Amino acid sequence: MDNLQGSAAVWVFKPPQCVRRMRSRVLGTVAAFAIAAFAFSGSLVAQEVANQPAQPALALRIDQLLAPDAEPIKADEQESGLLLRRLSLDLRGVVPTRQELDAFLADEAPDRLPMRWSNWVEKFLADPLCDEHLVTFLDRTLMLRRPNAQVDRVAWISFLREQVAVDVPLDELSKQLLFSPWWNREHRPAQKFFLERGGDPNLIARDIGRVFLGRDMQCAQCHDHPIVDDYKQIDYHGLLAYVSTSGLAEATYKDAEGKDQKVQLYVERAAGDAPFESVFDKGVAFRSGPRMIGKGEQFETYAMPDSRYATEPAPGALDGVAMPPKVSRRQALAEQLTSRNNRDFVANWANRFWSLSFGHGLVQPLDMHHPHNPASHPALFELITDGLLESDMRPRVFLRQLVLSEAYRRGGVARLDMTKHAMDGVAAAEMSATIRAFASTGLASANEKTEAALAEESRLLEQFEAATVAWRAVQGERAAIRSELDTTEAAMLASKKKSTDAEVALTTATKAQVDTASRISLLDDSASKLQQAADLAGGEDAALKQAIVVAKQRADAARAMGPPLEKSVADTKATFDASLQELATTTAKVQEVVNKLEPVHLALAAADTAMIVARNEWSAACRSLKTIERKATRNKQVLAWLDESDKVARLALDIQKAHQDVASIEAELPQSMELVKVAMSQVNAATTAEQNALSAMNQATETFNRHALEISQLQRLLEALADSTKLVASAESIPAAQAAIQKELDVRQGGMGMLQMILDVAKQAASSATAVVATSAQELVAQQTAAKAIEDRISAARTIVANKESELASEKTLVRERWASLQEGSTRQLSTASLQPLTPEQICWSTLRVTGVLDAYVRNETTELEKQSPLPADADETMKAARHRLSVRGAYDKLRGIADTYVSLYASGPDKTEDDFFASADQALYTANAGNVYGWAAPGNDNVTQQAIALTDNAEIAKLIYWTLLCRHPASDEMNLVNEQIATAGDGRNTVIQEMVWGLLASTEFRFVN
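Residues numbered from 1 in each chain as written. Predicted model: local features only at pLDDT ≥ 70, side-chain atom pairs only at ≥ 80, totals over all residues. Heavy atoms only, no water.

Q: For this particular structure, what's the right way to read the overall build of the protein?
A: The secondary structure content of the protein amounts to 31 helices and four strands. Expected size for 1010 residues packed as a compact globule is a radius of gyration near 30 Å; at 52 Å, the protein overshoots this value by more than 25%. Counting only C-alpha atoms, the protein reaches 230 × 80 × 75 Å along its principal axes. In the protein, which comprises 1010 residues, the proportion classed as buried is 47%. (Helix = DSSP H or I, 4+ residues; strand = E, 2+ residues; numbered from the N terminus. Rg over C-alpha atoms; globule rule 2.2 N^0.38 Å. Buried < 20%, exposed > 50% of the residue type's maximum accessible area, 1.4 Å probe, protein only.)

See the structure below:
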């Protein structure tokens, strides 16, 4: 459950807003029987059955056996609250109460620890809730959730309670179910196994294999199983032979009012067997008498068809019930199948109770026992099978030893996980080396054994196939003779019918002859007496005379019938004698065929024995090979996990180095960017200088050009004046003007040199500035290029980091997957407990328990019983315990309808040997929408909601509801969330608390146990 802790509300429905953020009758009157039953069952729990061998307890031997194979990957004992929760669910079918949890923790004092676990195991086994849990388990196991069509459910549950109360051995219980007096109604509950399967021989044969032997042989009905080599058609029909002639028949009985009532009985008829053939081998007929799976055929002493039934009704037989057969195959089935020497039967029950305790069988699925699916721990499987026998096959005694083991108390996940392995440095490396050495040695050993095991399996398979060929040859001979026997038996039965009919006819004819003779004698005597009467009357009585005449006439008429009657008697006598002769002839023919069959049966028995020996040897080799292959696979998984974990570690180091590379390159960037900044500043300064030089050059050019223009203008003016002197009469003023202009022109022309020099300097300055700009720009480009190169290196380094982080994420996912496989393997190897969903009944009764409903019903039943029959004031503890047991029974009976609702929602349906986990909308809707669960979570019956509402400290409220509902303390974030929800609830505080309880009841964590 570690993956659920801290997030309790992994929702199976959308919770209400205020919690949406949370992570998460039989009333007996014969008290004496109940008291005796309780006392007896308690004594069975308190001490081992008598006559057990002086050896260590089974629990200790389980742990001793597991210790040499203990892997470094192993879990410690589970946290106390969760451990008690698992024990309570496994032994009682309900979660523990808060008071029990508190008391369990109080037992953690050092001086209490040695006996603490044993005391709580005893306490729970003696609890009447354990009775109801075992009744539910047996009901589900035996009836596979089939409807109650033939046998009243109350009667069936009462029957199971009687068996559980005295801890009846499983072989005795099974024997009752497989053979009880079917001809009356007194044992009808025990007939439920057959009756609720509609008397269908094929369905019954299949379920006998599934329920009692752990082998689902359905696919072997028409042919050898296409996948499971060990499931043979002959085995299926060997089981079928025990019940093939049985079927439903109607009988009559008187009810309490004396009225006739009809009832269906599963009637057994005389043994017979029918031919069968494989659909893959048409035309090749087989026959089989009764045989246990993997064992020899039971050859019965032959009885003539007319002498196979009892001649007197069985004691207590109902009207209309056929005579039972003299030889009962169903009785043979019950005795042979449930024999404690039948290892398959004992091992099947041991595996089922192991699954009840550990969440899965050593052989899984539970109904798929075969050599290619051996027990996950073969030696342990043999040990618990022996342990069940040592426990006298009593469930409570056996369960006690299973849950007392250290292996049972492991829980959670193994100590070593991939994160610690990858990150814990030297300690993790040492642990990794230890695990690697362990797995490498195991893999090398498995690989070394595999080749030899394969060769041995192949050799033994050839022997088995050869023995099967020889067996099939004798089978064919038997089938042919058996077919002939069918024909002669049919002829004999026909002759028998003829003889019976002829005997009836002879008896009828003889009776008619005798009756006629008696009639004649009586008529003659009557006529004589009437004549005497007439004589006494004087012979004058006409009526007497007439009567005399009539009597004589009738006597004469009867005498006339004599010859025909005599002939009829002779004829029927001849027919009867002929039929007797024919019957003798056909009977002799039957005996002749039977005589032919006897040596064939002897040969078949020998061939059968040889085939079974070869088959068992091959099966043992298959189991051995499969076990070796499993060990190799597991060690490969360990090594692959270690390799992946090492790769994760290397990637983590690579990523660390890559991050360092990024940081190192990034450290270069500021200096480069500073150089870019300087270059940019230089470019800006050069550009400014260039702009200033260009501006000065432009100004100088403008001045130079202006002066040149002015000189040109002055020159044109002088020329114009010169020309004008020719045009004016008096030109005295013109020379002065010309002189002044010339002077100005000279000055200007003289300044042009200076201006040219200024202009040349400005141009030179502009050219130099432009060159500086170009040089600065080149430097800027160079620095920018260098900076870009650094950025590209950073990007490339970051890409490397991203790629490695992506690879690391993928590798971590792969490591988690490999770890999940290892974790699953660890649960199979008992290195850690497995995460298991609660059964529908466990969900129901646990919900009713923590909400106070169940205990309220128990109290009500106690009150009613006290009204009917008060306990005496000096009642001892045994009497009180017996009364409490009756109260619990009554409460369960009245609440059973609710359990049926849970079964309809959470169970995988009828006709399944196990409930597969699934989630559905119907399940979510049942717990949501303010329905039943919400109502049960309301304050009342002194339940957790009522107790939480009475508290004022929000932290204490969080502790109370998590401890009571999930058997653990809340994580810090859960504490904070509870506090936040209640603190902000205002007037809705009580509703919020109820919804919190409701939310946890509907959470995934509540639905699972680890």
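Q: When you look at the layout of surface pockets in this model, what are you seeing that I'm missing?
A: By rolling a water-sized probe across the atoms, one finds the places where empty space is left. Considered as a void within the structure, the second largest pocket measures approximately 920 Å³ in volume. Where the lining of the second largest pocket is concerned, the elements lending two or more residues are α3 (80-92), α6 (128-143), α13 (343-358), α16 (406-409), β3 (836-837) and α22 (840-850). Considering each element in turn, the lining of the second largest pocket owes the most residues, five residues, to α13. For the lining of the second largest pocket, the per-class residue count stands at 15 nonpolar, 14 polar and 13 charged. (1 Å grid on protein atoms, 1.4 Å probe; cavity = no way out; pocket = protein on both sides within 12 Å on 5 of 7 lines; lining within 4 Å. Points joined across faces, edges and corners; volume = space filled by probe spheres on them. Nonpolar A, V, L, I, M, F, W, Y, C, P; charged D, E, K, R; others polar.)

Q: Please clarify how the pairing of strand β1 (residues 247-254) should be interpreted in this entry.
A: Every regular strand shows the same layout, with side chains that alternate between the two sheet faces. Across eight bridges, β1 lies against strand β2 (residues 260-267) in antiparallel orientation. Across the sheet, A249 pairs through a bridge with L265, a residue of β2. Hairpin remark: β1 followed by β2, antiparallel, with five residues in the connecting loop; positive phi at G258, about 85°. (Pairing = 2+ DSSP bridges.)

Q: I would appreciate a short explanation of the environment of A470 in the present structure.
A: Structurally, A470 is set in helix α18 (residues 425-536). Residues A470 and N860, 390 residues apart in the sequence, show an inter-C-alpha distance of 70 Å.

Q: I tried to follow empty space enclosed by the protein on my own but got confused; where do I start?
A: Its boundaries defined by the atoms lining it, the largest cavity holds a volume of some 110 Å³. If you trace the largest cavity, you find twelve residues lining it, with I843, Y906, T927, L1001 and A1002 closest to the centre. Its residues placed into classes, the lining of the largest cavity shows eight nonpolar, three polar and one charged. Roughly 80 Å³ of volume is contained in the second largest cavity. Looking at the lining of the second largest cavity, the elements with two or more residues in it are α6 and α22. Per-element tally for the lining of the second largest cavity: the top contributor is α6, with five residues. Residue classes in the lining of the second largest cavity are distributed as four nonpolar, five polar and four charged.

Q: Before we go on, may I ask you to explain unusual backbone geometry in this structure?
A: Backbone geometry follows two general trends: most residues other than glycine have a negative phi, and most peptide bonds adopt the trans configuration. Of note, the amide linkage connecting Q364 to P365 takes the cis form, showing an omega dihedral of 0°. Its place among the elements puts P365 in the loop between α13 and α14 (378-390). Here the phi dihedral of D167 falls at roughly 50°; this positive angle occurs in a residue that is not glycine. As for its placement among the helices and strands, D167 is situated in the loop between α7 (153-165) and α8 (170-178). Taking relative accessible area as the criterion, D167 reaches 2% and is therefore assigned buried. Its identity is not glycine, yet C967 carries a phi of approximately 60°, on the positive side. With respect to the secondary-structure elements, C967 resides in the loop between α28 (954-966) and α29 (972-983).

Q: Hey, could you run me through the nonpolar core in this one?
A: Proteins that are soluble and globular tend to have nonpolar side chains buried together. Core analysis: the largest hydrophobic core is formed by 89 residues, its most contacted members being L87, L142, I208, F212, W349 and I384. Here this core takes nine residues from α13, the largest share from any one element. Discounting chain neighbours no more than four positions away, the residues touching L87 are R92, W117, W120, V121, F124, V403 and Y408. The next biggest cluster of nonpolar side chains, apart from the first, holds 47 residues, and it includes V853, I957, A958 and L1000. (Core = buried A, V, L, I, M, F, W, Y, C linked by side-chain atoms within 4.5 Å. Contact = heavy atoms within 4.5 Å.)

Q: Would you mind going over the packing of aromatic side chains with me for this structure?
A: To describe a pair of aromatic rings, one takes the distance between the centres and the angle between the planes. For the coordinates displayed, the defined rule picks out 22 aromatic pairs. Look at F193 and F212: their rings are 5.3 Å apart centre to centre, the planes differ by 55°, and that puts the pair in the tilted class. Of this pair, F193 sits in helix α9 (residues 192-195) while F212 sits in helix α10 (residues 201-213), placing them 19 residues apart in sequence. One exposure class covers both F193 and F212, and it is buried. Connected via pairs of aromatic rings, a cluster forms that spans F104, W117, W120, F124, W354, F358 and Y408. One cation-aromatic arrangement involves R116 over F104; the distance from NZ or CZ to the ring centre is 3.9 Å. Over the ring of Y253 we find R185; its NZ or CZ atom is 3.8 Å from the centre of that ring. (Phe/Tyr/Trp six-rings, centres within 6.5 Å; stacked < 30°, edge-to-face > 60°. Lys NZ or Arg CZ within 6 Å of the ring centre and 35° of its normal.)

Q: What is the right way to look at a nonpolar patch on the surface in this model?
A: Together, M754, M757, I758 and V761 give the surface a local cluster of nonpolar side chains, amounting to about 380 Å² of exposed area. Looking at the element boundaries, M757 is found in helix α21 (residues 733-828). Exposure remark for M757: the relative accessible area of 45% places this residue in the partly exposed category. (Patch = residues over 30% accessible without salt bridge, like charges linked within 9 Å, V, L, I, M, F, W, Y side chains within 5 Å. Areas by Shrake-Rupley, 256 points an atom, 1.4 Å probe, with all protein chains shown as cover. Salt bridge = Lys/Arg side-chain N within 4 Å of Asp/Glu carboxyl O.)

Q: So what exactly am I meant to see when it comes to the environment of V211 here?
A: By the secondary structure assignment, V211 is in helix α10. Look past the residues within four positions of V211 in its chain and what remains in contact with it is T141, L142, L144, F193, R197, N348 and R352.

Q: Any chance you could explain the packing of helix α4 (residues 98-106) against α28 here in plain terms?
A: At a minimum axis distance of 9 Å, the contact between α4 and α28 shows a crossing angle of 95°. Of the possible angle classes, the one that applies to α4 and α28 is roughly perpendicular. For the pair formed by α4 and α28, the contact residues are R98, L101, D102 and L105 on the first element and L960, W963 and T964 on the second. (Axes fitted to C-alpha atoms, helices over the stretch in contact; angles between N-to-C directions. Parallel < 35°, antiparallel > 145°, perpendicular 65-115°, else oblique.)

Q: Would you take a moment to explain the pattern of salt bridges for this structure?
A: Between side chains of opposite charge, a pair can form as their charged atoms come close. On inspection of all chains with the given rule, the structure shows 69 salt bridges. A salt bridge links R153 to D900; its shortest N-O distance comes to 2.7 Å. Of the two residues, R153 sits in helix α7 while D900 sits in helix α24 (residues 877-906), which places them 747 residues apart along the sequence. Judged by its relative accessible area of 32%, D900 falls in the partly exposed class. For R559, the salt bridge identified is with D524, shortest N-O distance 2.7 Å. Highlighted residues: R559 in helix α19 (residues 542-560) and D524 in helix α18, separated in sequence by 35 residues. For D524, a relative accessible area of 33% translates into the label partly exposed.

Q: Would you take a moment to explain the side chain of E196 for this structure?
A: Checked against the element boundaries, E196 lands in the loop between α9 and α10. Among the polar contacts listed, one links the side chain of E196 to the backbone nitrogen of Q150, at a separation of 3.0 Å. In this structure the side chain of E196 is engaged in a polar contact, spanning 2.8 Å, whose partner is the backbone nitrogen of V151. Residues contacting E196, with those up to four places away along its chain left out, are M143, R146, P147, N148, A149, Q150 and V151. (Polar contact = N/O pair within 3.5 Å; in protein donor to acceptor, adjacent residues only side chain to side chain.)

Q: What is the right way to read the packing of α29 against helix α30 (residues 989-1001) from this model?
A: Each pair of packed helices gets described by two things: the angle between the helix axes and the distance between those axes. Viewed as axis vectors pointing N to C, α29 and α30 meet at an angle of 145°, and their least axial separation amounts to 9 Å. Two secondary-structure elements touch here, α29 through V978, Q981 and I982 and α30 through R989, V992, I993 and M996. Residue composition of the contact of α29 with α30, grouped by class: five nonpolar, one polar and one charged.

Q: Got a minute to help me understand α7 in this structure?
A: Note that an α-helix has 3.6 residues per turn; residues three or four places apart therefore point the same way. The terminal C-alpha atoms of α7 lie 18 Å apart, and with 13 residues this matches the ideal 18 Å at 1.5 Å per residue to within 8%. Among all positions of α7, only W156, I157, F159, L160, R161, Q163, V164 and A165 are buried. The backbone nitrogen of V154 has a side-chain oxygen 3.2 Å away, supplied by the residue at the start of α7, namely D152. Of the residues trailing α7, D167 is marked for its positive phi of about 50°. (Expected span 1.5 Å × (residues − 1).)

Q: Could you clarify how one ought to interpret the state of the cysteines in this entry?
A: Covalent bonding between the sulfur atoms of two cysteines is what defines a disulfide. Following the criterion strictly, the structure yields zero disulfides and no others. The closest cysteine sulfur to the non-disulfide-bonded C222 is located on C219, 9.0 Å from its own sulfur. The class of C222 is partly exposed, set by a relative accessible area of 37%. Lacking any disulfide linkage, C844 is separated from the closest cysteine sulfur, that of C967, by 17 Å. C844 sits in the buried class, given a relative accessible area of 0%. (Disulfide = S-S within 2.5 Å.)

Q: Even after reading the chapter, I still don't get the environment of K894, so can you show me in this structure?
A: Along the chain, the position of K894 falls in helix α24. Overall, K894 belongs to the partly exposed group, its relative accessible area being 42%. For the pair formed by K894 and Y857, sequence separation is 37 residues and the distance between their alpha carbons is 8.3 Å. A distance of 2.7 Å separates polar atoms of two side chains, one belonging to K894 and the other to E861.

Q: Which parts of the structure should I look at to understand the confidence of the model for the protein?
A: As a general rule, the predicted coordinates of low-pLDDT regions are not to be interpreted in detail. Summary statistics for the protein give a mean pLDDT of 87 and a share of 91% for residues scoring 70 or more. With pLDDT under 50 throughout, residues 1-53 is counted as low confidence; its partners more than four residues away or in other chains account for 137 contacts. pLDDT under 50 marks residues 417-423. Its contacts with residues more than four places away, or in other chains, come to 19 contacts. (pLDDT = per-residue confidence, 0-100.)

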